[in-house]
Structures are given as C-alpha cells and as structure tokens.
Amino acid sequence: MRTHIATAGTADLHQVLADHHRYWGERDLRSLHLTALVQEFGETCLVARAEDGIHGYLIGFVTPTGTGYVHLIATRDDARGTGLGRRLYSAFADAAQRRGALRLKAITSLGNTGSIAFHRRLGFDAKTVDDYDGPGRSMVVFQRTLPLDAE
C-alpha cells in the first residue's frame, strides 16, 4: 500500500496515541508523545499516511546549535520491514537541513537492540552514555553528520 509522508498535526498525534499498541506493542511510551512538540515543531514532525491510516511517524526538531533531534520514530506493526523508517528519517533529514541542521541525534535505551541496529544501518555512531537520563540511567546516544544518504 502506498504511503505519503507529510507534516504531522495534533489530530495525527491523537490518532497515533489511540493506536499506540500498533506502534509500540507492550511498551507504554504515551508520555513521550508531547503535543507541544507537534504544535511548535510541526515542520519537522512527520507522518506516513496510507488509505488505511498512519503507517509510521517521526517527532523531531532542530536545536539552535544545528542538531536535528529525533525524539520518536515508529512504524505500525504491519508496516515494519518495508523501509518506511528509513524514508521517514530521510524526509526528516531533508527538513532539518532546510532549517540549518548540520547533524542528527537520537537516543534509546540500552536494551532496545532493534533501534540500535536500525540507527547503525543509517550510519549513526552509537555510544553508551552513563547517567544520560539521570543517575544510573544510561542511554545509547546516536549521532551522525548530514547529509543522510538513505539508500
């Protein structure tokens, strides 16, 4: 099924939250889906729409120091393995560069092996940073320079 990537609106975020389990399974990440990010950085928050709904989304923004930060990226359970995550990242990288970004950054938990492998395939360097999310809360931090040559 053909998907079209477009900027996200708050109604898209509400739809994603209504179908949260389709994107995240048993992991409850609803608290990370901040409406303010979509309202304030709508140009770099993206959804992949198809006839049967939202197949994937990316919530991101560009920092004042030129970093395109990906806060969340997810694909729906029936859209995984189709290259949609790569397409969303590519569209975000383009939008971030238009807004002055020179690099990309994202983070994940140490146990999220799928995310770690995905980001490495996109050419990100992955580094474990102790106490990144508070005392005793290490995270994997991904960074890479732009442009993103998503193949």
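Right above here is the structure, for reference.
Residues numbered from 1 in each chain as written. Predicted model: local features only at pLDDT ≥ 70, side-chain atom pairs only at ≥ 80, totals over all residues. Heavy atoms only, no water.

A.B. asks: How would you sum up the packing of helix H4 (residues 84-98) against helix H5 (residues 113-121)? Please name residues and give values.
C.D. replies: For the pair H4 and H5, the least separation of the axes is 11 Å and the interaxial angle reads 55 degrees. One element, H4, and the other, H5, form an angle in the oblique class. Handedness of the crossing formed by H4 with H5: right-handed. Residues Gly85, Arg86 and Tyr89 of H4 pack against Phe118, His119 and Arg121 of H5. Along the lines of polarity and charge, the residues of the contact of H4 with H5 split into two nonpolar, two polar and two charged. (Axes fitted to C-alpha atoms, helices over the stretch in contact; angles between N-to-C directions. Helix = DSSP H or I, 4+ residues; strand = E, 2+ residues; numbered from the N terminus. Parallel < 35°, antiparallel > 145°, perpendicular 65-115°, else oblique. Left-handed = near helix turned anticlockwise from the far one by under 90°. Contact = heavy atoms within 4.5 Å. Nonpolar A, V, L, I, M, F, W, Y, C, P; charged D, E, K, R; others polar.)

A.B. asks: Tell me about the environment of glycine 83, and name the residues and values.
C.D. replies: Relative to the helices and strands, glycine 83 resides in the loop between strand E4 (67-75) and H4. Separated by 43 residues in sequence, glycine 83 and glutamate 40 place their C-alpha atoms 28 Å apart.

A.B. asks: Explain the nonpolar core to me, and be specific about the residues and the numbers.
C.D. replies: In terms of nonpolar packing, the biggest core is built from 24 residues, with Leu88, Tyr89, Phe92, Leu104 and Leu148 touching the most fellow members. The set of elements that each furnish at least two residues to this core consists of strand E2 (45-50), strand E3 (53-62), H4, strand E5 (103-108), H5 and strand E7 (139-145). Examining the composition of this core, we find that six residues originate from one element, H4, more than from any other. Leucine 148 has contacts with Tyr89, Ser90, Ala93, Leu104 and Leu122, leaving out every residue within four places of it along the chain. (Core = buried A, V, L, I, M, F, W, Y, C linked by side-chain atoms within 4.5 Å. Buried < 20%, exposed > 50% of the residue type's maximum accessible area, 1.4 Å probe, protein only.)

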